[in-house]
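# Examination of the molecular architecture
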Amino acid sequence: MAFRITFVPFQLSLARAVSAVLLVSGVSLFSTGCAQKNARAGYPPALDVEVIKVEQKDVPIYGEWIGTLDGLVDADVKAQVTGYLLKQAYVEGSFVKKGQLLFQIDPRPFEAAHDQAKAQLAQAQAQLANAEATQLQAQLNVNKYTPLAEEQAASQQDLDNAVQTNVAAKATVLNSKAAIQAAGAAVKTAEINLDFTRLVAPIDGIAGQAQLQVGALVNTSSSAVTTVSTVDPIKAFFTVSEQEYLAFNRQYSTEASREAEEKRRPLELILADGTTYAKKGKIYFADRAVNQKTGAIRIAGLFPNPGNILRPGQYARVRAATSIKQGALLVPQRAVSELQGSYQVAVVDNDNKVSILTVKVGERAGAMWIIEDGLKPGERVVAEGVQKVTTGALVNPKPFAANAAEIKGR
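So, here is what we can say about the structure in this document. (Residues numbered from 1 in each chain as written. Predicted model: local features only at pLDDT ≥ 70, side-chain atom pairs only at ≥ 80, totals over all residues. Heavy atoms only, no water.)

Attention now goes to the overall build of the protein chain. For the protein chain, the helix and strand inventory stands at six helices and 19 strands. When contacts within the protein chain are restricted to residue pairs at least 6 apart in sequence, those whose partners lie at least 24 apart make up 77%. When the accessible area of the protein chain is evaluated, it comes to approximately 25,000 Å², of which 54% is carbon and sulfur surface. (Helix = DSSP H or I, 4+ residues; strand = E, 2+ residues; numbered from the N terminus. Contact = heavy atoms within 4.5 Å. Areas by Shrake-Rupley, 256 points an atom, 1.4 Å probe, with all protein chains shown as cover.)

Okay, structure coming up:
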């Protein structure tokens, strides 16, 4: 009896174990079969992608042009007299003040000419003194002979001679005064020429490289010995098409409206290293004529330049907002794929399935692209993992993590 009691539970346990093994094997086989069936049916595992919603907002449309920097004033320093350069009195590339000595021409010939002119002036002044003394004596003789001739105590001939002598003496005085004026002008000219031996800065600014060295003979036909440029503010020259120029002036037809718009949309300067210059600029002037060969007009922008970091001759890109796109639809540029001239985006629906749509793109706004047609606000587009998805693919969407440059580009 005890044997039967212990044997029956063993049989039941064994049966239960076999049943459990069969059940697990069945489930495993069923799962494997389903997976194989799904794979054969074209349903691969969901792909991880990053998505972003189509954004709608007003976006400024920017124009960009190649520009060249130039000084606000570029003053050439040239010789006004003939002579040899004795010394260079400035450091090339340094900031100089108006009137500061830059070069010294040998002054000795001009000092001698100045001394000679002063001597001639003194001589003319002495001759005037003599002429005035002679004329005074002649006038006294006229005064003396006039009453005597009336009383017939002196002959009429004596009076006539005295009068003629007085007239001649007056003429001599006038000639002496004219000689003094000429001598004074010669002294002034000599002083000016002597002063011209000092080649000074005509304006405050940056003095450029010396084009002639000490010992060189210079004259009025020589090239500039150096150039001084005012670089704060500094000009940026760039050219815009005639169509752009007309469109802007047609949109803002009055001087007041143009000035207000230029203040609202300042110029930006993108330097050669790709950085954006910290100071904003403004339109300085538009050239008087359109270039008939290129169909473009030259524009000058003006940028503050504290510290004189920007220098004439630099190349930069001038950037400015030319219009506002109202209610623009925006997606990251990386979300747009180009295929044989057409543009496509991958859209994720509410069931996390992908549809590849052809879109019409417009202007670029920083790291974003304006979509003219093919999308709706709020739709989710694939921004990371576009290359992995196809139409009908099931995805596991995650929020797109834009980098700093793309966030700034917005």
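Every α-helix winds through 3.6 residues per turn, so residues three or four apart in the chain are directed the same way. Over its 41 residues, helix 3 (residues 156-196) runs 60 Å from end to end, which matches the ideal 60 Å to within 8%, given 1.5 Å per residue. Considering only its buried residues, helix 3 is in contact with helix 2 (108-150). (Expected span 1.5 Å × (residues − 1).)

So, about the layout of surface pockets. Of the voids in this model, the largest pocket is the one considered here, and its volume is about 660 Å³. Taken together, 25 residues line the largest pocket, and the ones lying closest to its centre are Phe-248, Asn-249, Glu-262, Ile-283 and Ile-299. Listed by contribution, the elements that provide at least two residues to the lining of the largest pocket are strand 2 (55-77), strand 9 (226-241), helix 4 (242-251), helix 5 (255-264), strand 11 (282-291) and strand 13 (315-332). In terms of residue count, the dominant contributor to the lining of the largest pocket is helix 4 (six residues). Partitioned by chemical class, the residues of the lining of the largest pocket number 14 nonpolar, four polar and seven charged. (1 Å grid on protein atoms, 1.4 Å probe; cavity = no way out; pocket = protein on both sides within 12 Å on 5 of 7 lines; lining within 4 Å. Points joined across faces, edges and corners; volume = space filled by probe spheres on them. Nonpolar A, V, L, I, M, F, W, Y, C, P; charged D, E, K, R; others polar.)

Okay, the environment of Leu-339 next. Along the chain, Leu-339 turns up in strand 14 (residues 337-339). On the accessibility criterion, Leu-339 (46% relative accessible area) is partly exposed. As for Leu-339 and Thr-358, which are separated by 19 residues in sequence, their C-alpha atoms are 9.8 Å apart. (Buried < 20%, exposed > 50% of the residue type's maximum accessible area, 1.4 Å probe, protein only.)

In this structure, strand 2 lies alongside strand 13, joined through 13 bridges in antiparallel fashion. By the bridge assignment, Glu-55 is partnered in strand 13 with Leu-330. When strand 10 (residues 268-270) meets strand 13, the two strands line up antiparallel, connected through three bridges. Each residue of the ladder has a partner; that of Leu-269, found in strand 13, is Val-318. (Pairing = 2+ DSSP bridges.)

Spatially, four strands are ordered 6-5-3-8 in an open sheet, and the strand pairing comes out antiparallel. Whereas interior strands pair on both sides, the edge strands pair on one side only; in this sheet they are strand 6 (198-200) and strand 8 (217-218).

With that out of the way, let us pick up unusual backbone geometry. Residue Pro-233 is reached from Asp-232 by a cis peptide bond, and omega for that bond is 5°. Relative to the helices and strands, Pro-233 resides in strand 9. You will see that Asn-308, though not glycine, has its phi angle at about 55°, which is positive. For Asn-352, which is not glycine, the phi dihedral falls at a positive 65°. On the secondary structure map, Asn-352 appears in the loop between strand 15 (342-348) and strand 16 (354-365). The partly exposed category is assigned to Asn-352, whose relative accessible area is 24%.

With that settled, consider the side chain of Ser-222. Tracing the chain through its elements places Ser-222 in the loop between strand 8 and strand 9. Once residues lying within four places of it in the same chain are set aside, the contact partners of Ser-222 are Lys-78 and Leu-217.

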